[in-house]
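Structural characterization, general
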Amino acid sequence: MLRNFGGKELLIALAICALTAVIIAYKVVALDYTPALLEPEDGYSVRLSMDVQGSGGVCDIKVTLPISSDRQTVLREGQNADGFRYTISPGRVGRWYAKELADRHSIAYYAMVQTQAAKYPLPQDEAIPTTYTLALQANLAPEERIESEDPAIVAKARELAPPGTDVRTTIERLYDFAYQKVTYIAVKGPSEATTALALGEASCNGKNRLLVAMLRASGIPARMANGLILENAGKRTTHAWSEAWVDGRWIPLCPTNGYFAEIPEKYLELAKGDVSVITRSKNVGFDWRWRINRQLSQPQRVIQSNAENPLNVLQTWTALKEYHISYDLIMVILMIPIGATIVALARNVVGVVPFGTFMPTLVAVSFRETGFLLGALAFFAVMLVAAAVNASIMRLRLLHIPRLAIIITFVVMSILLFSVVSIRLGFTKGAAISLFPMAILSLTSERFTMTILVDGWRAAIRRTVTTFFVAAACYAAMRSTHLQIAIVAFPELLLANVAANLVIGSWTGLRLTEYRRFRALADHDNPVPE
Amino acid sequence: MFGFRKPLDAYGMNRRNRDLVLLHNPPRAIALANDKIATKRALAKEGVPVPATIAEIRRHRDVAALLPILREQRHGFVCKPSHGSQGRGVTLFTRAIPGYVLPLHGEPWSEYDFTYYVCRLLSGEYTVGRPLDEVLVEEKINPDRGWIIADLAGPPDLRIIVHEGEPVFCMARLPTIASEGRANLHKGGVGLGIDLRTALSHHAIMKEKSVSHHPDSGNPLLGQRVEGLADCLAMAKACARAIPLGYMGVDIIRDRDRGPIVIEVNARPGLAIQLANSRGLASVLRPRRDSE
């Protein structure tokens, strides 16, 4: 039974597995290590870095912080600032105050947030109420830049929705006007509702001030909302949208990006009303930057729950976060050995031959970035381009490496074209074809053209398909969040991966693909000719 | 799993790589065997007959000097990448005349075509995994087509497996029309299992299935005697002395004028020889191991 395995290797593998089990047991039993067993949830880390140059006087900085609501949760937050007194008001305004501040200081605020998309149904044929509570009446009054009693605004609101129009239609028409008829332009500085109306173009803030002003003019309480758009990026700008009070709740409206009575997952709310997210005292040099990263919150939780645990190597990774190394990246790196084992299985046990050695693992990593379907599409499209280019330049007398360079150039150009076209068509995922997948696909296309030259078309196509399936298997194994969580909680499990390869590496049995070929030699005993 | 229930005599790639290649063949020796130029020198030193070398081209700038040398060749010549395998990039030529180089098959090549071809070999185009290669130009041998059986579509060759210095397996490879005259099993050539002691063929395969007659001529394949097998086995042993591989394949062709010549040495010979002999490698290796 075991004759096809190496005895020494099996023993070492067993020993390694035992060691792994002992380490895990010790962590769990003796050190009370808690692996988090919950399903992982996606979230975003939001980091605000502020640089302050004091001139010796008072420094007072206020930032409206993420709000918790029914669609938005702040999982954790924290700040780090030397020489400041930090307070949070009940209204979620963070305040950094220093009486006498000189020299350069930096302030960092960090929050881990989760958001959900939400849609709000609006009532049919309901009249606009005539009375509101005192608290709501503030949302009907004009403000400095929301001139809801300005004659031009009132006239426009009446023209769009004459008195007597029901609340839903009124909001729809006013929203449509702000969304469709007011052109978006990127301008710095304040723009008032009246200016937006007069010019027919406005920034995001101007569009919303106009919408809020018209809603108020029509007797619907309305206010602005301020927040961040969550995407992997560093940015300085925040985003504004509006809210209208209908049937006892606030309904979000975004006339900039076209969300009517709905709010997308990527909107993180920071403040209500026409306020600045960041305000500061005068006479200080000031610069700021938001840094937003999407990440799995689960590893975070594992790290937190074992913060005091001496065996928690993940503690080190919290330090990596300082350098903006995302957990996502660490996950990819941790999963690469698993992908490598899949390739070892495919080659030595199944007996198929993909391109390169660990090329399928790398292709799988790039699928992770693009998503599987898009990745698969890109993979085959790139091979097709490579084949077409190769076929058309074969007639020219080109030396080998320059020819490959030409093929890679065309591959890169077509990936770019693919990105541009998919963005034009509204598939934003197509834009995700970033540097890494591009490099990997270019390398694979090189192997592909080499194989066409050396072994012919059939072999090249067969190996392409093989590479794709092995990559898909790697992807399936590597994207398993349970496996990811297990390895993050117990990195020593990677030792078991070593053990697995000791077993695979010492196995001398027939590969699946060889089995048919050599079966005949065992079926009947061939007398040895003497 | 596979191979567990019944002990298979057949070696698969895993077993060949682990129990033969990794055990017996040090990486340096494998590198030597993969380098045709270096292999030839080592073999010649041990007195093994090899095809005569016309030129060894290592740099693109040497290509220009090649054509005048080739024009003096009267018996044809072969160009091959030094690190190529499975005959990739190998081309046979009958001669070179001013302006043209004449291949054995097909239209004449212009000198420009020929130079481009040699440059492609030098650039490592037919050598997977190597950015650059050298080119070996040899005198074309005058192979004896009738060595094993009559009426073949091309020259046959003999593959001998040498394990720790001793020949253990032998197979004759016969070209067919289907294999385009090449002694290549996966292209459709016939593999003939040869008994080492009696020099008689005892089994034959084509496309991995047993056959008894040659598909082109209908000539019987079994019970054929390989003339001069003893010399070939001695040559294979000499190869094992020249190149420190504990497990190797030696390919021999019989030249009409010079007799058997070693054309290639292989550090990872294929496993089809087991099918040709209808016996697994284990059955010929195990007794040797037990006696140690």
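Computed from a prediction, not measured in an experiment: that's the story for all the values here.

For the rest of this paragraph, the subject is the sheet that holds strand β14 (residues 259–260) of chain A. Residue and element names in this part refer to chain A. Read across the sheet, five strands follow the order β14-β13-β12-β10-β16 without closing on themselves; strand pairing throughout is antiparallel. If you trace the sheet from one side to the other, it starts and ends with β14 and β16 (267–272), each paired once. Sheet analysis places strand β12 (residues 239–246) next to strand β13 (residues 249–254), joined by five bridges and oriented antiparallel. What sits directly across from V246, in β13, is R249. The strands that helix α6 (residues 204–217) touches are β10 (222–229), β12 and β13; relative to β12, the one it contacts most, it runs at about 15°.

Before going further, it helps to spend a moment on helix α3 (residues 36–45) of chain B. All names here are of chain B. Buried residues of α3: K36, T39, K40, A42 and L43, and no others. Mapping the buried residues of α3 onto a view down its axis gives an arc of 165°, with all of them on the same face. The elements touched by buried residues of α3 are α2 (27–34), β1 (53–57), β2 (77–81), β6 (135–139), α6 (229–242) and β13 (259–266). One or two steps after α3, the chain reaches G47, where phi turns positive at roughly 80°.

With that settled, the discussion passes to the sheet that holds β13(B). Residue and element names in this part refer to chain B. Judged by pairing direction, the sheet is antiparallel, and its seven strands sit side by side in the order β11-β10-β9-β8-β7-β12-β13 without closing on themselves. Looking at the sheet topology across the chains shown, the edges are occupied by β11 (209–210) and β13. The pairing of strand β10 (residues 201–206) with β11 spans two bridges and is classified as antiparallel. Each residue of the ladder has a partner; that of I205, found in β11, is S210. Its contacts with the sheet place α6 against β7 (157–163), β8 (166–174), β9 (190–194), β12 (247–255) and β13, and it is angled at close to 50° to β7.

A rise of 1.5 Å per residue sets the reference length of helix α12 (residues 400–424) of chain A, with its 25 residues, at 36 Å; its end C-alpha atoms lie 36 Å apart and thus fit the reference within 8%. Within α12(A), burial applies to A:H400, A:R403, A:L404, A:I407, A:I408, A:V411, A:I415 and A:F418.

Residues B:I160, B:L192, B:C239, B:M248, B:I252 and B:V262 are the most contacted members of the largest nonpolar core, which totals 62 residues. The element that contributes the greatest number of residues to this core is α6(B), accounting for eight residues. Setting aside residues up to four positions removed in sequence, B:I160 forms contacts with B:P167, B:C170, B:C232, B:L233, B:A236, B:V250 and B:I252. A:L362, A:V363, A:V385 and A:I440 belong to the second largest nonpolar core, which has 39 residues in total.

This part takes up the packing of helix α4 (residues 167–181) of chain A against α6(A). All names here are of chain A. Remark: α4 packs on α6, axes separated minimally by 9 Å, with the N-to-C direction vectors making an angle of 155°. In terms of orientation, α4 and α6 fall into the roughly antiparallel class. Regarding α4 and α6, the two cross each other, and that crossing is right-handed. Two secondary-structure elements touch here, α4 through I171, L174, Y175 and A178 and α6 through K207, L210, L211, M214 and L215. Along the lines of polarity and charge, the residues of the contact of α4 with α6 split into eight nonpolar, no polar and one charged.

Moving on to the confidence of the model for chain B. Residue and element names in this part refer to chain B. Of the residues in chain B, 94% have a pLDDT of 70 or more, and the chain-wide mean is 89. Taken element by element, the predicted model of chain B shows its lowest mean pLDDT in helix α8 (residues 281–291) (65) and its highest in α6 (96). Counting interchain partners and residues more than four positions distant, the pLDDT-below-50 stretch residues 1–6 has 12 contacts. In the predicted structure, residues 288–292 sits below a pLDDT of 50 and forms one contact with residues beyond four places in sequence or in another chain. In the predicted complex, the global pTM is 0.65; the interface-specific ipTM is 0.77.

Conventions we followed
- Residues numbered from 1 in each chain as written.
- Chains lettered and ligands numbered in written order.
- Predicted model: local features only at pLDDT ≥ 70, side-chain atom pairs only at ≥ 80, totals over all residues.
- Pairing = 2+ DSSP bridges.
- Helix = DSSP H or I, 4+ residues; strand = E, 2+ residues; numbered from the N terminus.
- Contact = placed C-beta atoms within 7 Å.
- Axes fitted to C-alpha atoms, helices over the stretch in contact; angles between N-to-C directions.
- Buried ≥ 20, exposed ≤ 12 C-beta atoms within 10 Å, placed from the backbone.
- Arc of directions from axis to C-beta.
- Expected span 1.5 Å × (residues − 1).
- Core = buried A, V, L, I, M, F, W, Y, C linked by C-beta atoms within 7 Å.
- Parallel < 35°, antiparallel > 145°, perpendicular 65-115°, else oblique.
- Left-handed = near helix turned anticlockwise from the far one by under 90°.
- Nonpolar A, V, L, I, M, F, W, Y, C, P; charged D, E, K, R; others polar.
- pLDDT = per-residue confidence, 0-100.

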